[in-house]
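# Residue-level structural notes
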Amino acid sequence: GADINTQQTRVNELMADYANTPYAALSALVLAKQQVQSGENVKAVQQLEWVMKNSSATEVQSIARLRLARLLMATEQYDAAMNLVNINYPESFTALYEELKGDLYVVRGETDAARTAYDKAILASENRASDLLKLKRDDLGQLNLNEPVL
């Protein structure tokens, strides 16, 4: 396969010449994943932000937004990550967004909010919730009924 610099050049050409096609956005998503794996997080952020801004497909924008939020979370930029997921998103992405919100609430020490987010994710999964999601939710115990529920 081509090295990451060659791929970067090809994706840049797609982004410049075919920005309005799905190919540019999908190629940028692939390149961003490879950049993260290579430790080039700053470049990956740029790719994901470009997709969010330029893709005409809401679903592709949502995937880029989720990936960027995960990357920000991994680099301990929790507030920036939460800002990305606290938006309107397509209903089909509810489980993914709510699970990520739950993860962010956990690292921020907001246990009740995490429970609520994980519960929303499980409900949105329609009995297809991953074992990991169920485990994360179970680890938080029962909801404290004395606390206000969002």
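The following refers to the structure shown.

Criteria and cut-off values
- Residues numbered from 1 in each chain as written.
- Predicted model: local features only at pLDDT ≥ 70, side-chain atom pairs only at ≥ 80, totals over all residues.
- Heavy atoms only, no water.
- Helix = DSSP H or I, 4+ residues; strand = E, 2+ residues; numbered from the N terminus.
- Expected span 1.5 Å × (residues − 1).
- Buried < 20%, exposed > 50% of the residue type's maximum accessible area, 1.4 Å probe, protein only.
- Contact = heavy atoms within 4.5 Å.
- Polar contact = N/O pair within 3.5 Å; in protein donor to acceptor, adjacent residues only side chain to side chain.
- Core = buried A, V, L, I, M, F, W, Y, C linked by side-chain atoms within 4.5 Å.

In this section: helix H2 (residues 22-37). Between its first and last C-alpha atoms H2 spans 23 Å; for 16 residues at 1.5 Å apiece the expected length is 22 Å, and the two agree. Among the residues making up H2, those that are buried are Ala24, Ala25, Ala28, Leu29, Leu31, Ala32 and Gln35. Tucked into the core, H2 has its buried residues touching helix H1 (4-17), helix H3 (41-54) and helix H4 (58-74).

In this section: the environment of Thr75. Mapped onto the elements, Thr75 comes out in the loop between H4 and helix H5 (78-85). Here Thr75 falls in the partly exposed class, since its relative accessible area comes to 33%. Separated by 59 residues in the primary sequence, Thr75 and Lys134 have C-alpha atoms spaced 25 Å apart. Looking at Thr75, its side chain comes within polar contact range of the main-chain oxygen of Leu71, at 3.1 Å. A distance of 3.1 Å separates a polar atom in the side chain of Thr75 from the backbone oxygen of Leu72.

Let's shift gears to the nonpolar core. The biggest cluster of nonpolar side chains holds 41 residues, and the ones touching the most others in it are Leu48, Trp50, Val51, Leu68, Val85, Leu100 and Leu104. Among the elements of the structure, H1, H2, H3, H4, H5, helix H6 (94-107) and helix H7 (111-124) are those that each provide at least two residues to this core. A per-element tally of this core places H4 first, with 8 residues.

Another point: the side chain of Glu99. Counting through the fold element by element, Glu99 comes out in helix H6. Engagement of the side chain of Glu99 in a polar contact is seen with the side chain of Lys136, the distance being 2.7 Å. Not counting the four nearest positions on each side in its chain, Glu99 is found in contact with Tyr118, Ala121, Leu133 and Lys136.

It is worth spelling out H7 at this point. Here H7 spans 20 Å end to end across 14 residues, near enough to the 20 Å set by a 1.5 Å rise per residue. Looking at H7, one finds that the buried residues are Ala113, Ala114, Arg115, Thr116, Ala117, Tyr118 and Ala121. Buried residues along H7 sit against H6 and helix H8 (131-139). One or two steps after H7, the chain reaches Glu126, where phi turns positive at roughly 50°.

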